[in-house]
Amino acid sequence: MNTQEMMRILDSIARDRNIEKSLLIADLEAAMVSACRKFFSTLDTEEFECTVDPMTGEMTLTRHGEPLEMEMADFGRIAAQTAKQVILQRIREAEREMMYEEYVDRVGDVVTGIIQQSDSRYTLVDLGRVEALLPESEQVHNERYDHGARIKAVIIEVRSSTKGPQVIVSRRSDQLVRELFKLEVPEMADGLVEIRGVAREPGWRSKIAVISHVQGVDPVGACVGPRGSRVRMVVSELRGEKIDIIPFNEEPARYVAKALSPARVREVLVDDDNRQATVIVPDDQLSLSIGREGMNARLAARLTGWHIDIKSESTFAREEESDEFGDEAEAGVSRCSAMLRTGKRCPNAAVTGTRYCALPTHSRLA
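Residues numbered from 1 in each chain as written. Predicted model: local features only at pLDDT ≥ 70, side-chain atom pairs only at ≥ 80, totals over all residues. Heavy atoms only, no water.

A. View of the overall build of the protein. Counting its regular elements, the protein contains twelve helices and 14 strands. Expected size for 366 residues packed as a compact globule is a radius of gyration near 21 Å; at 35 Å, the protein overshoots this value by more than 25%. Here the C-alpha coordinates of the protein stretch approximately 120 × 45 × 40 Å along the principal axes. Relative to its 366 residues, the protein shows a buried fraction of 42%. Contacts spanning at least 24 positions in sequence make up 53% of the contacts within the protein whose residues lie at least 6 apart. (Helix = DSSP H or I, 4+ residues; strand = E, 2+ residues; numbered from the N terminus. Rg over C-alpha atoms; globule rule 2.2 N^0.38 Å. Buried < 20%, exposed > 50% of the residue type's maximum accessible area, 1.4 Å probe, protein only. Contact = heavy atoms within 4.5 Å.)

B. Representation of the sheet that holds strand 14 (residues 307-312). With respect to topology, three strands assemble into an open sheet ordered 12-13-14, the strand pairing being mixed. Only two strands of the sheet have a single partner each, and these edge strands are strand 12 (267-271) and strand 14. In this sheet, adjacent strand axes meet at a mean angle of 20° when their direction is disregarded. Here six bridges tie strand 13 (residues 276-281) to strand 14, and the two strands are oriented parallel to one another. Bridging across to strand 14, I280 finds its partner in K311. (Pairing = 2+ DSSP bridges. Axes fitted to C-alpha atoms, helices over the stretch in contact; angles between N-to-C directions.)

C. Local environment of the packing of helix 8 (residues 252-259) against helix 10 (residues 295-304). Viewed as axis vectors pointing N to C, helix 8 and helix 10 meet at an angle of 145°, and their least axial separation amounts to 9 Å. Here helix 8 and helix 10 pass one another in a crossing that is right-handed. Between helix 8, through Y255, V256 and A259, and helix 10, the contact on the second element is made entirely by A300, L303 and T304. By residue class, the composition of the contact of helix 8 with helix 10 is five nonpolar, one polar and no charged. (Left-handed = near helix turned anticlockwise from the far one by under 90°. Nonpolar A, V, L, I, M, F, W, Y, C, P; charged D, E, K, R; others polar.)

D. Main features of the environment of G240. Mapped onto the elements, G240 comes out in the loop between helix 7 (229-237) and strand 11 (242-247). Distance in space between the C-alpha atoms of G240 and G203 is 7.4 Å, their sequence separation being 37 residues.

E. The arrangement of the packing of helix 4 (residues 174-184) against helix 7 in detail. For the pair helix 4 and helix 7, the least separation of the axes is 9 Å and the interaxial angle reads 140°. With respect to helix 7, the axis of helix 4 lies oblique. Considering the relative orientation of helix 4 and helix 7, their crossing is right-handed. Residues L180, F181 and E184 of helix 4 lie in contact with helix 7, whose contacting residues are R230, V231, M233, V234 and E237. (Parallel < 35°, antiparallel > 145°, perpendicular 65-115°, else oblique.)

F. Main features of the nonpolar core. One finds V256, V279, L303, I308 and I310 to be the most contacted residues of the largest nonpolar core, which totals 22 residues. The set of elements that each furnish at least two residues to this core consists of strand 10 (205-212), helix 8, strand 13, helix 10 and strand 14. Leave out the neighbours within four places in its chain, and I308 touches V256, L260, A277, V279, A300 and A301. (Core = buried A, V, L, I, M, F, W, Y, C linked by side-chain atoms within 4.5 Å.)

G. Geometry of the packing of aromatic side chains. Applying the stated criterion across every chain, the model contains one aromatic pair. An angle of 70° between the planes, with centres 4.9 Å apart, marks the rings of F248 and Y255 as edge-to-face. Judged on exposure class, the residue F248 and its partner Y255 are both buried. Over the face of the ring belonging to F248 we find R196, whose NZ or CZ atom lies 4.5 Å from the ring centre. (Phe/Tyr/Trp six-rings, centres within 6.5 Å; stacked < 30°, edge-to-face > 60°. Lys NZ or Arg CZ within 6 Å of the ring centre and 35° of its normal.)

H. Layout of the side chain of S312. Assignment of secondary structure puts S312 in strand 14. There is a polar contact of 2.9 Å between the side chain of S312 and the side chain of T315. Apart from residues no more than four positions distant in its own chain, S312 is found in contact with I280, V281, D283 and L286. (Polar contact = N/O pair within 3.5 Å; in protein donor to acceptor, adjacent residues only side chain to side chain.)

I. Expanded view of the pairing of strand 12. Pairing geometry for strand 12 and strand 13, over five bridges, is antiparallel. Within strand 13, the residue paired with E267 across the bridge is I280.

J. How the structure looks around the pattern of salt bridges. Taken as a whole and judged by the stated rule, the model has 19 salt bridges. Close ionic contact of R264 with D284 constitutes a salt bridge, the shortest N to O distance being 3.9 Å. One end of the pair, R264, is in the loop between helix 8 and strand 12; the other, D284, is in the loop between strand 13 and helix 9 (286-290), and 20 residues separate them in sequence. On the basis of relative accessibility, which here comes to 46%, the residue R264 falls in the partly exposed class. For D284, a relative accessible area of 55% corresponds to the exposed category. (Salt bridge = Lys/Arg side-chain N within 4 Å of Asp/Glu carboxyl O.)

The following block contains the structure:
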């Protein structure tokens, strides 16, 4: 291989692989010095130098500043092999670096891959150019990861290694729910609808709070889709995980009440200083509002960021009567126990023999 051919190869590699030509030349010079030490069986301290003209490809080798004889056939063979190895190594490093830069910018994105193998510690997912690692800590406990199955996951971390980028993905992350809805809801991809909060028990239930930035666009309806088609696609990808979609509200009482969906809420009393909310629900809605093993209440609290105390109407009324009616009873005064939308008790006097005033909406509570 003559110098002109060498330069053409380096130019082609630099252009096609997006590698700086100066880096290739620097690697080639360093490799030639190493080849000299190997050929002459010298120590690493031996003073060899190599310079390659970036225009002509002319190579100059010196030893202690004196030019080396370059016409030895054996050295020419070693030099050619060394040059080839250097170029291939630089190409591999460049490709690894390019893949790392590509995937490190995709942290938080959803990727689709094919499961290669799975055991108790981790699952390998083929993403095409790289293999992703789905560790046990990021798996959903009731999901199966069968060989050859197609799966979606969200990238949560990208690590650089000598074998290329190590991509860590998750099926448990809240971000997976966000990104799946972005894929299914055009209004969300266009920025018209936004997910303001996600609370998730992976494999069981998720709650998302959505808001519209455009008047006339229903954020809940956009996420549900025609006949529930959009949310069904997300539920299917999450393998049956239930999803509650609620409208975000700046008013804490309304937000907390909606967060306890599908339960119906009668009133919400809020303590802004301590971010605590006391929720009063009809007696027949108490178990639904709390949920199985407290899941509904737990997700609502996580979604809103408020501590939520749920009480049935009958329990709340008894507590109110014992706490507040004691002094009133002694004074011969009975106050209506109905709760207003403001979260305060009705100020009217109760009708004799009942705990509610004469207002039709309150008297019906009796």
